[in-house]
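Each chain, letter by letter, is given below.
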Amino acid sequence: MKKQIYTHPYFLAGLVPALFFLVFYFYPLSGIFLKSFFPKGEVNLLFLDQVLGSARMMKIIWFTFWQAALSTLLTLACALPAAFAMANYEFRFKKTLRLLASIPFVLPAVVVAAALESCFGRTGWIGEIRHPLALILLAHVFYNFSVMLRIITGYWTSLQGEIREAAAMLGASPAQAFFHVTLPLLRPAIWAGALLVFIFCFSSFGIILILGGPGYATIEAEIYRQAAHLFNLPLASFLSLVQIVFTFGLMSLYTRFSKRAAQFIPKAGEIRLKPPERPWEKSLVAGTALFIIIVCVMPMVSLAASSLVHNGDFSLAYYRAIFENTTDSVFYVPPFQAVQYSFIFAAGALAIALVAGVCAALFITHADRHIKSRLAAFFDPLFMLPLSTSAVTLGFGIIITLDHPPLNLRTSPFLIPLVHALVGFPFVLRALLPALRTIPAQMGEAAAMLGASPLKVLRHIDLPLMSRSLVAGAVFAFTISLGEFGATIFAAPPTTPTIPIAIYRFLGQPGAMNYGQAMAVSTILMAATALGFIIIENLRPGNAEGI
Amino acid sequence: MKLKYFCLILISLVWIISPVQAAEKQITIMTHDSFSISKPVLADFQKALGARVVILRSGDAGEALNKAILSKNNPLADIFYGVDNTFFSRALDEDIFIPYAPKVLANLAPELLMDPKHRLVPVDFGDVCLNYDIQWFKTRKIEPPKGLEDLVNPVYKGLTVVQNPATSSPGLAFLLATVSRFGEKGYIDYWKQLKTNDLLIVNGWKEAYWGHFTAASKGDRPIVVSYASSPAAEVFYAETKPDQAPTGVVIDNGSAFRQVEFAGILKNSASQDLAKKAMDFILSPRFQEDIPLQMFVFPSNTKAALPKVFTDHARITGDPARLDPELMDKHRDRWIREWTEALL
């Protein structure tokens, strides 16, 4: 029996993500760590003084934690009521609102800064926020609201129906049902969302650099400064290691916690939601819509507007200009081609992340159920590490390790989807695990007893039951790739730039036309993202209400 | 399952359309993200060499150099373009370049030649200096500043935005200009006075120029640190070309720091003969005349003609701030640290 557990396809599936991580994550990282800590074969720990003896460094580490915690709490406070509305009621423009709320997630930091500035800045449309910290928090909510919303809504939707009806039948008031039934069941999803957002804010880089100015730094921003500008590779590597260890610790804590969460059977079929009827229900839905419009949509609208206004008049001048190669530069890439490259890379990243993610999720649930070891407890948090690994550290690592055939990928375009998949993969995994864990083990066992092969069980039981979460994970993997900047800038050959790189290029030079064009390309990025969402959501299996 | 098939098809598509690299002769130039070249010049470049020219942009200037150093045993490229004078000593100390005196050496501006062994040869230069919004000063009937000293004057209180020298290369150049101007002892005092005069510090050029500079954004700072060629870019990238640039520059009294960019042949390059030919082309008038409008800096070859928008609107200081490269390399980190402690 034991042997069977270790040769079960679900267990062997774990080899796929493990190998992927070993080659593209641990190997490059260990290369750069070895080079930093053991230069010329001797241990070099001089940099430790620069961390332990420095009040500034301690301040940076402290700031990294509390801004991430505050950002996460704020995002949760905004997303939880919105998720309640989204998961419980059917209303007009629900899909559109959800789609619009998700777009900010892919925007490059420079664009987000410009968008927030035009909306909440000195001469903003809505109001004036001057404190850098308030702007950082706002930007983090703007970025991460949809992550939290999608994860919680997806899970919550599958809680509808019988469980609550059963509670009501037993005499529970809606409030009692919420606090004693729904909320405990929702816990894994809330934790998943909160930890993802926390890790994102924990490793926040562009937003802190631009909106916070030089007075604020996170560990990630400091790694970049030390590595790229001060050539202090040992210190940068050490900080990366600190960041990785923290992430691992956080994720281990979370995975242990979420395993204890209750199990139940989610419905994969159609779920009919009611329209909001009572006044409080209506105002909740209206509030959700208003929040999404003001915080997520308005900055994007004002950004798009700034790409359409030239010298105070409505004009398509910037759009005309992006189709012209004024300086005849070889690096000029027509915007549609940049969109094309972005989509090709994103599709590649999505495919890799999905395959690796499904394999990892199957492996972890399998290991969890049948092997009473710490295997799952170790691998689950391990797979989350790329989310908060500094792009510059990993990039330098790739340069010194993946430098000979068959893995001479340093200048290959294949490196881009691979690196993007590394960052998108944890999302797929996080989205899948809660769904997969709630499928009772007996279901698969019964099917196996009746003669179904493990593949058949996967196809007919596990995959359909996690289809909803699979779509959520896919959306994230795809959009992360579309908007990814840090890793792309070092990996993309100049002839195949993605949209964020095109934006970055325009913003690199003075001249009003350049700024306008950057805004025009940003607007195209927003449109492309929306299109990507629509495509993926329509590709989902069956016709179940998507998340 | 549809999704899975869709992805499989896409993956195979990516494999198919990915360029199948033929075994032709080629040379790779590693550089920073601001590098650019026009199509006709690249075509001539490849013709002159009889080889394909691959350009590898590798992050910003410091990041790109660091990559070159990390990969020195198995270099990513044959030529590195874009070591600036602040990183000059470090690049030479790492011993990643081989000496080569290009054919046109005699035509290069002599004050830019810094390495007697010609491991690094100057390819272009530009001056980092204060830019100001001409219209802003005109409407308020205030004289624009004439030198660094003016900025501490109460008249200019709250008007200036600069970049953090720890995260921005023009920011570092500007810090070095103040070190050159006020000396190693006096520069921190100058900066403290700037701080009392309500100076705004941001992390990068983009945030300063596009986020706070009145001439380029809705910001409220009419003075920004940028390049002496930025006014030319303002004219060039205007939809209707104005006669006068909307921005002016402060370049007198040693207030502008000259950034010189160098190129060299990487030590373990597999095709050094081709790389030598390539260096000759990079310094020839054909390539050098392409530089101004591609990168908005000046060519190092004195025989290269400048485009009209440059002769009309871009400026070169006759009296740049100077610092010894050895001194810069030795003290750069300390200056940045002192600056960070005093200003942030």
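Here is what the cut-offs are and how they apply
- Positions within a chain are numbered from 1, following the residues in the order the chain's sequence is written.
- The order in which chains are written sets their letters, starting at A; the order in which ligands are written sets their numbers, starting at 1.
- Note on the predicted model: pLDDT of at least 70 is required for a residue's local features to be given, and 80 or more for side-chain atom pairs to be given and counted; whole-chain, interface and lining totals, by contrast, use all residues.
- As a rule here, side-chain values come from all non-hydrogen atoms in the structure, and water together with hydrogens is ignored.
- Only DSSP runs of H or I covering at least 4 residues are called helices, and only runs of E covering at least 2 are called strands; the numbering of each starts at the N terminus.
- Radius of gyration means the value over C-alpha atoms here, while the globule rule gives 2.2 Å times the residue count to the 0.38 power.
- Note on contacts: a residue pair qualifies if any of its non-hydrogen atoms lie within 4.5 Å across the two residues.
- Only the protein chains shown count as cover for residues, and the accessible areas themselves come from Shrake-Rupley with a 1.4 Å probe.
- Positive: Lys, Arg. Negative: Asp, Glu. His and the chain ends are not part of the count.
- Charge positions come from single atoms, namely NZ of Lys, CZ of Arg, CG of Asp or CD of Glu.
- Categorising residues by exposure relies on relative accessible area from a 1.4 Å probe, with only protein chains included: less than 20% of the type maximum marks a residue as buried, more than 50% marks it as exposed, and the intermediate range marks it as partly exposed.
- Buried area adds together the accessible area that both of two parts lose upon being put together, with accessible area traced by a 1.4 Å probe.
- When a carboxyl oxygen of Asp or Glu is within 4 Å of a side-chain nitrogen of Lys or Arg, the pair counts as a salt bridge.
- Polar contact is the term for a pair of N or O atoms within 3.5 Å; when the atoms are in protein, one must be able to donate a hydrogen and the other to accept it, and sequence-neighboring residues count only if both atoms are side-chain atoms.
- Gly falls in the polar group here, along with every residue not listed as nonpolar (Ala, Val, Leu, Ile, Met, Phe, Trp, Tyr, Cys, Pro) or charged (Asp, Glu, Lys, Arg).
- Pairing of aromatic rings covers Phe, Tyr and Trp, the last through its six-membered ring, and needs centres within 6.5 Å; plane angles under 30 degrees mean stacked, over 60 mean edge-to-face, and all others mean tilted.
- Lines fitted to C-alpha atoms define the axes here, with helix axes fitted over just the stretch in contact, and angles between the N-to-C directions of these axes take values from 0 to 180 degrees.
- Any angle that is under 35 degrees is reported as roughly parallel, and any over 145 degrees as roughly antiparallel; angles of 65 to 115 degrees are reported as roughly perpendicular and all others as oblique.
- If you view the pair so one helix is near and one far, a crossing is left-handed when the near helix is turned anticlockwise from the far one by less than a right angle, and right-handed when it is turned clockwise.
- The set of buried Ala, Val, Leu, Ile, Met, Phe, Trp, Tyr and Cys residues whose side-chain atoms join them within 4.5 Å is what this entry labels a nonpolar core.
- Only strands joined by at least two bridges in the DSSP assignment are considered to pair.
- Patches draw on residues past 30% relative accessible area with no salt bridge. Two like charges within 9 Å are joined, as are two nonpolar side chains (Val, Leu, Ile, Met, Phe, Trp, Tyr) within 5 Å.

### A word on the overall build of chain A
Right, on to step 1. Of regular secondary structure, chain A possesses 24 helices and 2 strands.
Right, on to step 2. Taking 547 residues into account, the globule formula puts the C-alpha radius of gyration at 24 Å, and chain A, at 24 Å, falls close to it.
Right, on to step 3. Within chain A, contacts between residues at least 6 apart in sequence are counted, and of these 82% link residues at least 24 apart.
Right, on to step 4. When the accessible surface of chain A is split by element, carbon and sulfur atoms take 68% of a total near 21,300 Å².
Right, on to step 5. The average position of the 36 basic charges and that of the 23 acidic charges among the side chains of chain A differ by 7 Å.

### What about the overall build of chain B?
Right, on to step 1. Secondary structure summary: chain B contains 13 helices and 11 strands in total.
Right, on to step 2. Taking 20 Å as the expected radius of gyration for a compact globule of 344 residues, we find that chain B reaches 22 Å, a close match to that expectation.
Right, on to step 3. Expressed along its principal axes, the backbone C-alpha trace of chain B runs to roughly 65 × 60 × 45 Å.
Right, on to step 4. Across the 344 residues that make up chain B, the buried fraction comes to 62%.
Right, on to step 5. Within chain B, contacts between residues at least 6 apart in sequence are counted, and of these 75% link residues at least 24 apart.
Right, on to step 6. Surface summary for chain B: the accessible area is close to 13,800 Å², and the carbon and sulfur share equals 54%.
Right, on to step 7. Between the centroid of the 39 positive side chains of chain B and the centroid of its 40 negative side chains there is a distance of 4 Å.

### Regarding the interface of chain A and chain B
Right, on to step 1. Contact residues are listed per partner, giving 62 residues for chain A and 67 residues for chain B.
Right, on to step 2. For the pair chain A and chain B, the summed buried surface comes to about 6,100 Å²; carbon and sulfur atoms form 66% of the total.
Right, on to step 3. Our enumeration of links across chain A and chain B arrives at 1 salt bridge.
Right, on to step 4. The salt bridge partner of Arg320 of chain A is Glu239 of chain B, with a shortest N-O separation of 3.9 Å.
Right, on to step 5. Taken together, the connections running from chain A to chain B amount to 12 residue pairs in polar contact (both at pLDDT 80 or more).
Right, on to step 6. The biggest single contributor to the side of chain A that touches chain B is helix H16 (residues 335–370) of chain A, with 6 residues.
Right, on to step 7. Here the side of chain A that touches chain B is composed, by residue class, of 38 nonpolar, 13 polar and 11 charged.

### Here we look at the packing of aromatic side chains
Residue and element names in this part refer to chain B.
Right, on to step 1. Following the criterion strictly, the structure yields 59 aromatic pairs over all chains and no others.
Right, on to step 2. Seen from their ring centres, Phe45 and Phe287 are 6.3 Å apart, and the 75° between their planes marks the pair as edge-to-face. Highlighted residues: Phe45 in helix H2 (residues 39–49) and Phe287 in helix H10 (residues 285–288), separated in sequence by 242 residues. With respect to burial, Phe45 and Phe287 carry one shared label: buried.
Right, on to step 3. A ring pair is formed by Phe281 and Phe287, whose centres lie 6.5 Å apart and whose planes are at 75°; its orientation type is edge-to-face.
Right, on to step 4. With relative accessibility at 2%, the residue Phe287 sits in the buried group.

### Comments concerning the environment of Val475 of chain A
Residues and elements named next belong to chain A.
Right, on to step 1. Among the structural elements, Val475 can be located in helix H21 (residues 454–483).
Right, on to step 2. Since its relative accessible area comes to 1%, Val475 is described here as buried.
Right, on to step 3. C-alpha separation for the pair Val475 and Gly171, spaced 304 residues apart in sequence, amounts to 39 Å.

### Topic: unusual backbone geometry
Right, on to step 1. For Lys141 of chain B, which is not a glycine, the phi torsion comes out positive at approximately 50°.
Right, on to step 2. Tracing the backbone through its elements, the reader meets Lys141 of chain B in the loop between helix H5 (134–139) and strand S6 (160–163).

### Some words on the packing of H16 of chain A against H21 of chain A
Residues and elements named next belong to chain A.
Right, on to step 1. With their axes 9 Å apart at the nearest point, H16 and H21 run at an angle of 140° to one another. Judged by the angle between their axes, H16 and H21 are oblique. Handedness of the crossing formed by H16 with H21: right-handed. Between H16 and H21, the contacting residues are Ser342, Phe343, Phe345, Ala346, Ala347, Ala349, Leu350, Ala353, Leu354, Val358 and Leu362 on the first element and Leu458, Asp462, Met466, Leu470, Ala474, Ala477, Phe478, Ser481 and Leu482 on the second.

### Side note on the nonpolar core
Residues and elements named next belong to chain B.
Right, on to step 1. Counting 227 residues, the largest nonpolar core has Leu65, Phe80 and Val83 as the members making the most contacts within it.
Right, on to step 2. When near neighbours in sequence (up to four residues on either side) are disregarded, Phe80 contacts Met30, Ala64, Leu65, Ala68, Phe97, Phe262, Ala263, Gly264 and Leu266.
Right, on to step 3. Grouped together as the second largest cluster of nonpolar side chains are 39 residues, Leu148, Leu159, Ala166 and Ala342 included.

### Examining the pairing of strand S10 (residues 257–266) of chain B
A regular strand places its side chains on the two faces of the sheet in alternate fashion.
All names here are of chain B.
Right, on to step 1. Most of S10 sits out of view: 10 of its 10 residues are buried.
Right, on to step 2. Here strand S3 (residues 79–84) runs beside S10; their pairing, made up of 5 bridges, is antiparallel. Each residue of the ladder has a partner; that of Tyr81, found in S10, is Ala263.

### Notes on the packing of helix H3 (residues 15–37) of chain A against helix H19 (residues 415–437) of chain A
Helix-helix packing is described using two parameters, namely the angle between the two axes and the distance between the axes.
Residue and element names in this part refer to chain A.
Right, on to step 1. One way to put it is that H3 packs onto H19 with a least axis distance of 11 Å and a crossing angle of 125°. Overall, the two elements H3 and H19 adopt an arrangement that is oblique. Viewed along their axes, H3 and H19 form a crossing whose handedness is left-handed. Across the interface between the two elements, Pro17, Phe20, Phe21, Phe24 and Tyr25 of H3 pack against Leu418, Ala421, Leu422 and Phe425 of H19.
Right, on to step 2. Residue composition of the contact of H3 with H19, by class: 9 nonpolar, no polar and no charged.

### With respect to the pattern of salt bridges
Right, on to step 1. Applying the stated criterion across every chain yields a total of 18 salt bridges over all chains.
Right, on to step 2. Note that Arg286 of chain B is salt-bridged to Asp44 of chain B, the shortest N-O span being 2.6 Å. In this pair, Arg286 of chain B sits in helix H10 while Asp44 of chain B sits in helix H2, placing the two residues 242 residues apart along the sequence.
Right, on to step 3. On the basis of relative accessibility, which here comes to 38%, the residue Arg286 of chain B falls in the partly exposed class.
Right, on to step 4. Between Glu338 of chain B and Arg334 of chain B there is a salt bridge whose closest N-O contact spans 2.9 Å. Here Arg334 of chain B and Glu338 of chain B lie together in helix H13 (residues 325–343), a separation of 4 residues that amounts to about one turn.
Right, on to step 5. The exposure class assigned to Glu338 of chain B is partly exposed, which follows from its relative accessible area of 26%.
Right, on to step 6. Salt bridges here are not isolated pairs; linked through shared partners, they connect Arg56, Glu222 and Arg225 of chain A.

### Considerations on a nonpolar patch on the surface
Residue and element names in this part refer to chain A.
Right, on to step 1. On the surface, a cluster of nonpolar side chains totalling about 380 Å² of accessible area is made up of Leu34, Phe38, Val43 and Leu45.
Right, on to step 2. Note on placement: Leu45 falls in the loop between H3 and helix H4 (47–52).
Right, on to step 3. Among the residues examined, Leu45 registers a relative accessible area of 47% and is labelled partly exposed.

Interpretation note: all reported values are geometric properties and have no functional meaning in isolation.
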